[in-house]
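Report on the structure
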4 protein chains.
Amino acid sequence: DLPFALIAGPCQLESLDHARMLAEKIAEACAATGTGFIFKGSYDKANRSSLGGKRGLGAEKGLEILGAIKSEFGCPVITDVHETHHCAMAAEVVDILQIPAFLCRQTDLLLAAGETGKAINVKKGQFLAPWDMANVAAKIESTGNTNIMLCERGTSFGYNTLVSDFRGLPTMAETGYPVVFDATHSVQQPGGNGNSSGGDRRMVPPLARAAVAVGCAALFIETHEDPDNAPSDGPNMVPIEQLQPLLAKLRALDNVMKS
Amino acid sequence: DLPFALIAGPCQLESLDHARMLAEKIAEACAATGTGFIFKGSYDKANRSSLGGKRGLGAEKGLEILGAIKSEFGCPVITDVHETHHCAMAAEVVDILQIPAFLCRQTDLLLAAGETGKAINVKKGQFLAPWDMANVAAKIESTGNTNIMLCERGTSFGYNTLVSDFRGLPTMAETGYPVVFDATHSVQQPGGNGNSSGGDRRMVPPLARAAVAVGCAALFIETHEDPDNAPSDGPNMVPIEQLQPLLAKLRALDNVMKS
Amino acid sequence: DLPFALIAGPCQLESLDHARMLAEKIAEACAATGTGFIFKGSYDKANRSSLGGKRGLGAEKGLEILGAIKSEFGCPVITDVHETHHCAMAAEVVDILQIPAFLCRQTDLLLAAGETGKAINVKKGQFLAPWDMANVAAKIESTGNTNIMLCERGTSFGYNTLVSDFRGLPTMAETGYPVVFDATHSVQQPGGNGNSSGGDRRMVPPLARAAVAVGCAALFIETHEDPDNAPSDGPNMVPIEQLQPLLAKLRALDNVMKS
Amino acid sequence: DLPFALIAGPCQLESLDHARMLAEKIAEACAATGTGFIFKGSYDKANRSSLGGKRGLGAEKGLEILGAIKSEFGCPVITDVHETHHCAMAAEVVDILQIPAFLCRQTDLLLAAGETGKAINVKKGQFLAPWDMANVAAKIESTGNTNIMLCERGTSFGYNTLVSDFRGLPTMAETGYPVVFDATHSVQQPGGNGNSSGGDRRMVPPLARAAVAVGCAALFIETHEDPDNAPSDGPNMVPIEQLQPLLAKLRALDNVMKS
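Residues numbered from 1 in each chain as written. Chains lettered and ligands numbered in written order. Predicted model: local features only at pLDDT ≥ 70, side-chain atom pairs only at ≥ 80, totals over all residues. Heavy atoms only, no water.

1. Quick word on the relation of the copies chain B and chain C
Test applied: Least-squares superposition aligns the copies on the C-alpha atoms of those residues with pLDDT at or above 70 in both. What makes two residues a contact is simply this: any of their non-hydrogen atoms within 4.5 Å.
By a simple turn and slide, chain B fits onto chain C: the slide is 0.0 Å along the axis, the RMSD is 0.0 Å, and the turn is 180 degrees. The relationship between the two copies is best expressed as a two-fold rotation axis. Using C-alpha coordinates, one finds that chain B approaches the rotation axis most closely at alanine 210 of chain B, a distance of 2.1 Å. Here 100% of the contact residues of chain B are again contact residues in chain C; the copies associate through an equivalent surface.

So, in structure tokens, the structure goes:
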């Protein structure tokens, strides 16, 4: 098995300067630990808890930033899409299209994403069992695209809480597709702050370690220089200065796991 | 409080003749029990468990059937929409647009639906707490449309199972909007049959009775003349000949509850 | 089916005078609504959330009170037992022994209770499926005692929360034994107040109505003249003055349901 | 932090010869990997799913075997107790008394166990949140005994299923007490086989690795030479010949984690 790659970035793109600043620090942490780096940024938060949550920069500006990061840092970039007509446009710039968890059973979206020929990272819906993702992957396969990744990001566990069931990683891996663990959204408390999601970022390192020890192809970790003031998912993001030591530990565990 | 209304029909529209046959029997059962009747039919099952599940007749044919039922039976009709661009077209025919549970936080869809000025029935996501629906309603309200209904249809409870939390009905009613109980999808076992959802239709009557006794503005019950051979949700649909006795009991409970 | 009976009393016995005062008011409410009355009181709360919670009056004093209520009001009395050696002593006074939910799979306790020949009300563990209760009943049956009642009191749903799955009532009834719905503990939030359980007594009436509409042989409702200052389960108890109107509504629903 | 210790043995004691055979193989695997070894065996399965499940050898015979293993192998031994009057007798032989998950809030049992002065391993109830265990520990502390271990063994997740929430390990560790991960019962499917618990032993290694990577003081792993024919928990036990390679991997992960 290959060493895990890191999908990282801010939750929400804020500006080119901001994306560049974060990408530089993430790239350094990845280089120092020998970790493959994929830059993640969203330009349209289409399902915020409430209307008051910031939507983002929009597709035009967002894709411009992602294109710039890709060309400046030479790393693949990933973003999420929400309706069928978003796929082709995003695919002109990004390397990986991400299907949000709530939308992971929307047939048309999966097909439109698959038809771009790009890699597709599908987040497992909070309402699905790990074994149900084989049906999701089959929808994409029907387009001839088998460049698929399946991502665990937490499962509904009572109200306003998610639990990470680590049995899901080997279960989803039985499809033959690489499995990603999203350590950021797994610690979310959806709706936990009334008008926005809460979370507990202190749980990101232990859950990321667990995922690596169970075995995964990639980790997804959102990061920010000032999470408490980030426009979205602040409670769950890892402060950027903590990323490199976390990666170093994860890399050492991954080496043991995959040896 | 007004007596409950019934939203009923097949899960999936099959043909005009089939819709007419069911509508006639439902209308009879409603007339016999003094129940308001809203005809429900889907023409596009956009999130089947697997690609092999039947999608439906498509918008053109489906809306034609819904229009015909509406005009022949004089009842309001309801159908579900999945992407923003579906809303305006459906709104030309139907009286109520339904937002599927998986999509209940998609801001653009809620806004597009709200902007049609039609009534909107939003199903609570299986991943949401009842109190989180106030944020969902607020998104629609922002369009100036307050003709909103909130619908309980089961909450994630472990894998491949839903549970109906009847505390959710009074909780959602605190928004001031009418609350619907979907007795059909509440008994679903999502993904329970591997490539399709399972369910247990024997539980529809007890859960419908519970909902009426707790208090609700409408019941949603899918029905079919041959559920075991229906193109979707067969395990959960009530055989049409059982509808009238069920309604009679529900009506009697509703009378007691609201007296 | 027979009309539902009511199992009611304070959660915890406080004194003979207090028990008598409550029993009198409950008996009045039952008489006014034609409801069979079983007096419930605990004298030993053996599994409080924390050590600081009041344990109760103890077996000697508690059984004396239960005996007095039984003889003064002519109603059956019920109490809970926690270890094998409690059963015989309690059985000298009470008509029904109750097995707490946490203990519903303790073989020795079930056998010791069964061997007293008294009726046994077993609460379904928060960790059990309704169909698992057939195995529990079979343990008691092995003593030759088939005077068994099975009681729903909420199922674990995430942390510090219970959900009432009303499908459990008909499922448990398939054993042939009468099914009780505990409307008090079903609205508990275990550990929800840190050192003690929280709850939401406003949900007792809707859930009790749901249980009656689904169909049950008895309701279990704890009540108090001043719930907020009761020694245990205050957040979940119904104020005594609200009992009679609640019973009247429940009785009317039960009549419709069982007609 | 100290390296993790291993609590291992058959679920149920079968005979002295059998216990000796397993203890020898476990001791070898522990010695080869530098792992501290605590022998576990139950002589009274007091809460089997059904009456047909084997109860065990009983206290007299069971304690004799545990005493023999302790003296022959020089390892500490642990067993579970179910009623207050079992504690003192077991404490004459064993080093650690284990409180079963269903019983973790039974005040009298916790106090009786605490009063023996022995170490106490309390399994977190499937119905409790990790933070609720501080109240459980405090009950034992009240006896002056602070030799306490807290053990995660799965949390109720829908019916007949458990999920391991690895956030629970650091949460329980905030008490200051060592945290044990029970990799055997965490993969149980309670009641999953109708009359007995099911499970999936293939998930023991990934969950054990996750626990070590998150950080824990001890692992609990039941093992058998022929799990499919073991008298209890066969579906969850690791075949004895797989123990040493599993331990080797876990030890390497633990070294990285605690360095």
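2. Topic: the pattern of salt bridges
Test applied: Put simply, a salt bridge is a Lys or Arg side-chain nitrogen that is within 4 Å of an Asp or Glu carboxyl oxygen. Strands here mean DSSP runs of E at least two residues long; helices mean DSSP runs of H or I at least four residues long; both are numbered from the N terminus. Residue exposure (1.4 Å probe, protein chains only): buried if accessible area is under 20% of the type maximum, exposed if over 50%, otherwise partly exposed.
Applying the stated criterion across every chain yields a total of 56 salt bridges over all chains. Across the pair glutamate 64 of chain B and lysine 61 of chain B runs a salt bridge whose closest N-O atoms are separated by 3.6 Å. With glutamate 64 of chain B and lysine 61 of chain B both in helix H2 (residues 59–73), this residue pair falls three residues apart, about one helical turn. Given the relative accessible area of 51%, glutamate 64 of chain B is considered exposed. Looking at lysine 61 of chain B, the relative accessible area reads 37%, which means it is partly exposed. As a salt-bridge pair, aspartate 254 of chain C and arginine 251 of chain C come within 3.3 Å of each other at their nearest N and O atoms. You can see aspartate 254 of chain C and its partner arginine 251 of chain C sitting in helix H8 (residues 243–257), three residues apart, about one turn around the helix. Like aspartate 254 of chain C, the residue arginine 251 of chain C is buried in the burial classification. Each of Asp17, Arg20 and Glu72 of chain A takes part in one network of salt bridges that share partners.

3. Focus on the interface of chain D and chain C
One widely used convention gives an interface's size as the accessible area the parts lose upon coming together. Inclusion rule: By buried area we mean the combined loss of accessible area, with a 1.4 Å probe, across both parts when two parts are placed together. The definition of a polar contact used here is a pair of N or O atoms within 3.5 Å, where within protein one atom must be able to donate a hydrogen and the other to accept one, and adjacent residues in sequence count solely through side-chain atom pairs.
Each partner contributes to the interface: chain D provides 39 residues, whereas chain C provides 39 residues. Between chain D and chain C, the buried area comes to about 3500 Å², and carbon and sulfur atoms account for 47% of it. Area buried by chain D at its contact with chain C is led by Leu51, Arg105 and Tyr159 of chain D, which between them contribute 21% of it. Seen at the junction of chain D and chain C, the total is two salt bridges. Of the charged contacts in the structure, one is a salt bridge between arginine 55 of chain D and aspartate 108 of chain C, with a shortest N-O distance of 2.9 Å. The tally of links between chain D and chain C comes to 14 residue pairs in polar contact (both at pLDDT 80 or more).

4. Quick look at the relation of the copies chain D and chain C
Each copy of the sequence occupies a distinct position, and chain D is placed on chain C by a rotation of 180 degrees and an axial shift of 0.0 Å, giving an RMSD of 0.0 Å. Both copies contact each other with a shared surface, as 100% of the interface residues of chain D are interface residues in chain C too.

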